[in-house]
Amino acid sequence: NGLVYSDDATTMSDEVFGTGGDPANLKSGLEECSWNKINVVPGLGDSNEVATGVIEVTIGISINGSSDSAIEAAAITAVNAQLGISLPGPYDYVLFSLEDCYGPDCGWAASAYINSWN
């Protein structure tokens, strides 16, 4: 649909990893709350990164009207194809950011799995 997340990749990298000096980011929050038992680091410097720890993919389905599980599956397929791996590959955690919430399963701001990379 041409829908794109409003923040650019550099801003997303800063908000997740603090790469631009953001003092309150996902990395700092998780590390502080876990007493440094969780160490959040960007990806492996893959050539597909458009900013530190961030890649962009286009999924082959419309997010408007698709279920959250279909969107997740399409995103995983797109990442696997772009990076040439099968997620999780070398990563412990993977975060997907969507432009907005659409479809019949909408109503969530975020989702996570317990004891899983996704």
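Counting restarts for each chain, with residues numbered from 1 along the sequence as it is written. Local features in a predicted model are, by the rule used here, given only for residues with pLDDT of at least 70; side-chain atom pairs are given and counted only at 80 or more, and totals for whole chains, interfaces and linings are based on all residues. Side-chain calculation: all heavy atoms of the structure are included, whereas hydrogens and water are not.

Topic: the pattern of salt bridges
Keep this limit in mind: When a carboxyl oxygen of Asp or Glu lies within 4 Å of a side-chain nitrogen of Lys or Arg, that pair is called a salt bridge. Numbering of helices and strands runs from the N terminus, with a helix taken as a DSSP run of H or I at least four residues long and a strand as a DSSP run of E at least two residues long. Only protein chains enter the area calculation, which uses a 1.4 Å probe; residues under 20% of their type maximum are buried, those over 50% are exposed, and those in between are partly exposed.
Taken as a whole and assessed by the stated rule, the structure comprises one salt bridge. In this structure, Lys27 and Glu31 form a salt bridge, with 2.8 Å as the shortest nitrogen-oxygen distance. One end of the pair, Lys27, and the other, Glu31, are both in helix H2 (residues 26-33), four residues apart, so they sit about a helical turn from each other. Of the residues examined, Glu31 reaches a relative accessible area of 13% and is grouped as buried.

Observations regarding the confidence of the model for the protein
Our working rule: Confidence per residue, as judged by the predictor, is encoded in pLDDT with a range of 0 to 100.
In the predicted model, the protein carries a mean pLDDT of 87, and 88% of its residues have values of at least 70. Of all helices and strands in the protein, the one with the weakest mean pLDDT is helix H3 (residues 68-83) (92), whereas H2 scores best (95).

Structural notes on the side chain of Lys27
Applicable threshold: Whenever two N or O atoms come within 3.5 Å, that pair is a polar contact, provided that in protein one can donate a hydrogen and the other can accept it, and provided that, for residues adjacent in sequence, both atoms are side-chain atoms. Only heavy atoms enter the contact rule, under which two residues are in contact if any of them lie within 4.5 Å.
Side chain to side chain, Lys27 and Asn39 meet in a polar contact 3.4 Å long. When neighbours within four sequence positions are excluded, Lys27 is seen to be in contact with Val16, Phe17, Asn39, Val40 and Val41.

Examining unusual backbone geometry
Here the residue pair Leu87 and Pro88 is connected by a cis peptide bond, since its omega of 15 degrees sits within 30 degrees of zero. You can see Pro88 is positioned in the segment after H3. Unusually for a residue other than glycine, Trp35 sits at a positive phi of about 55 degrees. By the element assignment, Trp35 lies in the loop between H2 and H3. Despite not being glycine, Asn36 has its phi angle at roughly 65 degrees, a positive value. Within the element layout of this structure, Asn36 appears in the loop between H2 and H3. By relative accessible area, which is 61% here, Asn36 ends up exposed.

Overview of helix H1 (residues 9-17)
Ala9, Met12, Ser13, Asp14, Val16 and Phe17 are the residues of H1 that are buried. Contacts made by the buried residues of H1 are with H2. Positive backbone phi, approximately 75 degrees, marks Gly18, located one or two places after H1.

Looking at the nonpolar core
The criterion, for reference: Note on terminology: a nonpolar core comprises buried Ala, Val, Leu, Ile, Met, Phe, Trp, Tyr and Cys residues joined through side-chain atoms within 4.5 Å.
Counting residues in each nonpolar core, the largest one holds five residues, listed as Ile76, Val79, Leu83, Leu87 and Trp117. With near-sequence residues (within four places) excluded, Leu83 lies in contact with Asp46, Asn48, Ile55 and Tyr91.

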